[in-house]
Amino acid sequence: NHLQRWDIAADKITNMAWWEEIELDGLTIGCTPARHYSRRSLNDQDATLWASWVFKSGSLQIFESGDTGYGNHFQQIHERYGDFDFALLDCAQYDSRWPDVHMFPEEAVQAAASLGARTVMPIHWGAFKLADHPWDDPALRFTKAGEASGLTVATPLIGETMKLKNASGYQQRWWQGIQ
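Residues numbered from 1 in each chain as written. Predicted model: local features only at pLDDT ≥ 70, side-chain atom pairs only at ≥ 80, totals over all residues. Heavy atoms only, no water.

**Let's talk about the overall build of the protein**
Each helix and strand in the protein was counted, giving four helices and seven strands. What you see in the protein, going N to C, is helices and strands ordered as α-β-β-β-β-α-β-α-β-α-β. On C-alpha atoms alone, the protein measures out to a radius of gyration of 17 Å, which is about the 16 Å that the 2.2 N^0.38 rule sets for 179 residues. Expressed as a percentage of contacts within the protein between residues at least 6 apart in sequence, the contacts between residues at least 24 apart total 59%. In the protein, 15 side chains carry a positive charge and 23 a negative one; their mean positions are 2 Å apart. (Helix = DSSP H or I, 4+ residues; strand = E, 2+ residues; numbered from the N terminus. Rg over C-alpha atoms; globule rule 2.2 N^0.38 Å. Contact = heavy atoms within 4.5 Å. Lys, Arg positive; Asp, Glu negative; His and termini not counted. Charge placed at Lys NZ, Arg CZ, Asp CG, Glu CD.)

This is the structure:
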């Protein structure tokens, strides 16, 4: 609805439900489960679906978690798609008052293990403050837990283009020392 209000042509918009896939120029895009809620006004609580995403090409398989709490949906996604080369995982804006909608950093690392991810990147942190944790706490905790689990944790600079075949080259912890 928003896209159409912004004058995006209807034939360029694809609505998807969980487990649906589309093919686009050799890229498979899969809509996969997430745990969150949706709301844009007073009358539309959970009227739309929230999702995570799988992107598959001939040589790479990537997972993007979207906003999500931790749950067994990660194992279900792995059962359907197998191991992932790269996973971008929500690891911030967490609070014990809403554990079902955003993962704690250590849960995000557990999700990476459930997905069979080789390389991971923490996302959804450092942009705005919704929770009471320090702005860099998600990245600190995620990288510590990820490295302890033997994962390659990529942390490119915000806006930096990253080459997945050289993910180990993006491990500079650039946020350390910033106040």
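**Details of the sheet that holds strand β1 (residues 21–24)**
Sheet strands associate in pairs through backbone hydrogen bonding, adopting either a parallel or an antiparallel arrangement. One open sheet accounts for seven strands, arranged β1-β2-β3-β4-β5-β6-β7; its pairing is mixed. Pairing within the sheet leaves two strands with one partner each, and these edge strands are β1 and β7 (152–153). Lying on the sheet, helix α3 (residues 105–115) is in contact with β4 (61–64), β5 (84–90) and β6 (117–123); it crosses β5 at an angle near 155°. (Pairing = 2+ DSSP bridges. Axes fitted to C-alpha atoms, helices over the stretch in contact; angles between N-to-C directions.)

**Observations concerning the pattern of salt bridges**
Going through the model one piece at a time under the given rule, you end up with seven salt bridges. Notably, a salt bridge pairs Asp100 with Arg35, separated by 2.6 Å at the nearest N-O pair. You can see Asp100 sitting in the loop between β5 and α3 and its partner Arg35 sitting in the loop between β2 (27–32) and β3 (52–56), a full 65 residues away along the chain. In this structure, Asp95 engages Arg97 in a salt bridge whose closest nitrogen and oxygen atoms are separated by 2.8 Å. Three or more residues are tied together by salt bridges with common partners; here these are Asp95, Arg97 and Asp132. (Salt bridge = Lys/Arg side-chain N within 4 Å of Asp/Glu carboxyl O.)

**Description of the nonpolar core**
Grouped together as the largest cluster of nonpolar side chains are 26 residues, with contacts concentrated most on Phe63, Leu89, Leu115, Val120 and Phe142. Of all the secondary structure elements, the ones that give two or more residues to this core are α2 (73–81), β5, α3, β6 and α4 (137–148). For this core, the element with the most residues is α3, which contributes five residues. Core analysis: the next-biggest nonpolar cluster, separate from the first, contains nine residues, Ile123, Ala154, Ala167 and Tyr170 among them. (Core = buried A, V, L, I, M, F, W, Y, C linked by side-chain atoms within 4.5 Å. Buried < 20%, exposed > 50% of the residue type's maximum accessible area, 1.4 Å probe, protein only.)

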